[in-house]
Amino acid sequence: MQLPNSELVFDHIAVVARSLEEGANYIGDKLGIEMPPGGSHPIMGTHNLLLSLGSDCFLEVIAIDPKSTAPNRPRWFGLDGFDAEPRIGAWILGASDIRSSLDGIQETAGSIIEMTRGDLTWLMSVREDGAVPHSGAFPKVLQWPIGPHVASKMGQRGCSFTSLTVESPNADNINTWLDGKLDDPRIKIGYGETRLTAVIETPSGPKVLS
């Protein structure tokens with residue numbers, strides 16, 4: 001994966017759900033499209049659906065995999081005990097050097113662990129308690145292996161990423177950490193009750209996810 005001059009780049013949005021079926025129905029209602037298949041994460045006992053939003057970003061629906069063995073640690077994305085309607089639960093940034101990018105903020109971001117999905121392996125920040133930082137407002141960070149972005153191999157439905165608005169009581173802290181690291185006018189972070197809202201361009205026009 002080749003990154004622009006900024007240290008971090010927008011990578012994907014994760015919609016959390018109680019089941020993939022429920023998550024897929026949510027996306028169908030909001031975007032009017034059918035989510036393509038994804039894969040499973042044996043380390044976390046989860047599985048997902050994956051939709052390309054361009055050559056270098058994507059939309060994920062993630063849920064606990066009922067057929068998987070429960071992990072010996074809390075699942076990521078705060079999925080343990082999640083019992084609500086599907087929603088954007090996290091936004092994820094890509095890094096070329098994740099250890100350098102997260103230096104000094106491990107208490108917030110979590111430790112760096114190796115993840116797998118099929119034959120794909122990558123690094124990602126995951127808190128020991130499985131929670132997403134600042135209830136999802138603070139971005140998770142990952143590092144893909146060198147090569148074409150994984151979005152290029154995902155199912156496509158003619159959709160593209162337009163913008164993401166992140167509202168949080170911790171907006172100042174998030175902006176301070178991202179200053180000089182992320183240069184993307186599509187991402188807006190402001191003060192308010194925690195809420196993530198994305199605009200996705202679809203074959204039938206722009207649609208909103210939250």
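Here, every reference points to the structure presented above.
To keep things clear, this report deals only with the structure shown in the data block. (Residues numbered from 1 in each chain as written. Predicted model: local features only at pLDDT ≥ 70, side-chain atom pairs only at ≥ 80, totals over all residues. Heavy atoms only, no water.)

## Section: the overall build of the chain
Counting secondary structure elements, the chain contains four helices and 12 strands. Taken over the C-alpha trace, the chain has a radius of gyration of 16 Å; the compact-globule value for 210 residues is 17 Å, and the two agree within 12%. With the C-alpha coordinates aligned to their principal axes, the bounding extent of the chain is approximately 40 × 40 × 35 Å. The proportion of buried residues among the 210 residues of the chain is 51%. At a minimum sequence separation of 6, the contacts of the chain that also span at least 24 residues come to 70%. (Helix = DSSP H or I, 4+ residues; strand = E, 2+ residues; numbered from the N terminus. Rg over C-alpha atoms; globule rule 2.2 N^0.38 Å. Buried < 20%, exposed > 50% of the residue type's maximum accessible area, 1.4 Å probe, protein only. Contact = heavy atoms within 4.5 Å.)

## Some words on the sheet that holds strand S12 (residues 205–209)
An order of S10-S9-S11-S12 is seen for the four strands of this open sheet, with the pairing classed as mixed. Each of the sheet's edge strands pairs with one partner strand only, and the pair in question is strand S10 (187–191) and S12. Shown here is a sheet whose adjacent strand axes are inclined to one another by a mean of 15°, direction ignored. Bridge count between strand S9 (residues 160–168) and S10: five bridges; the pairing is parallel. In the sheet register, Val166 faces S10, and the bridge partner there is Ile189. Where helix H1 (residues 20–31) meets the sheet, it contacts strand S11 (195–202) and S12, and its direction lies at approximately 140° from that of S12. Strand contacts of helix H4 (residues 171–178): S9 and S10, with the helix running at about 145° to S10, the strand carrying the most contacts. (Pairing = 2+ DSSP bridges. Axes fitted to C-alpha atoms, helices over the stretch in contact; angles between N-to-C directions.)

## Here we look at the pattern of salt bridges
Summed over the entire model, instances satisfying the criterion amount to six salt bridges. Ionic pairing is found between Arg75 and Asp80, a salt bridge with its closest N-O pair at 2.7 Å. When its relative accessible area of 13% is taken as the criterion, Arg75 is described as buried. Residue Arg127 is joined to Asp129 by a salt bridge in which the shortest nitrogen-to-oxygen separation is 3.2 Å. Among the residues examined, Asp129 registers a relative accessible area of 44% and is labelled partly exposed. A single network of salt bridges, built from pairs that share partners, joins Arg18, Glu22, Asp83 and Glu85. (Salt bridge = Lys/Arg side-chain N within 4 Å of Asp/Glu carboxyl O.)

## Comments concerning H1
End to end, H1 covers 16 Å across 12 residues, agreeing with the expected 16 Å (1.5 Å per residue, within 8%). Leu20, Gly23, Tyr26, Ile27 and Leu31 are the residues of H1 that are buried. Buried positions in H1, seen along its axis, are confined to an arc of 120° and lie on one side of it. In H1, those exposed residues whose orientation departs by more than 90 degrees from the buried face are Glu21 and Asp29. For H1, the elements touching its buried residues are strand S1 (8–16), strand S3 (46–52), strand S4 (58–64), S11 and S12. (Expected span 1.5 Å × (residues − 1). Arc of directions from axis to C-beta.)

## Concerning the sheet that holds strand S8 (residues 140–143)
Across the sheet, eight strands lie side by side as S2-S3-S4-S1-S5-S8-S7-S6; this open sheet has mixed pairing. Strands with a single pairing partner mark the edges of an open sheet, and in this sheet they are strand S2 (37–41) and strand S6 (111–117). Averaged over all pairs of adjacent strands, the angle between their axes in this sheet comes to 30°, without regard to strand direction. As judged from the seven bridges shared by S3 and S4, these two strands associate in the antiparallel manner. By the bridge assignment for S4, Thr46 is matched with Ile64. Sitting on the sheet, H1 is in contact with S1, S3 and S4, with an inclination near 150° to S4.

## A closer look at the packing of aromatic side chains
Inspection of every chain in the model, using the stated rule, returns five aromatic pairs. Relative to Phe161, the ring of Phe10 lies with its centre 4.1 Å away and its plane at 15°, an arrangement referred to as stacked. Of the two residues, Phe10 is situated in strand S1 and Phe161 in strand S9; the sequence distance between them amounts to 151 residues. What makes Phe10 buried here is its relative accessible area of 3%. By relative accessible area, which is 7% here, Phe161 ends up buried. Look at Trp122 and Trp144: their rings are 5.1 Å apart centre to centre, the planes differ by 45°, and that puts the pair in the tilted class. Taken as a pair, Trp122 in strand S7 (residues 120–126) and Trp144 in the loop between S8 and S9 lie far apart in primary sequence, 22 residues in all. Here Trp122 matches Trp144 in class, with each residue buried. Taken together, the ring pairs in this structure connect Phe58, Trp122 and Trp144 into an aromatic cluster. (Phe/Tyr/Trp six-rings, centres within 6.5 Å; stacked < 30°, edge-to-face > 60°.)

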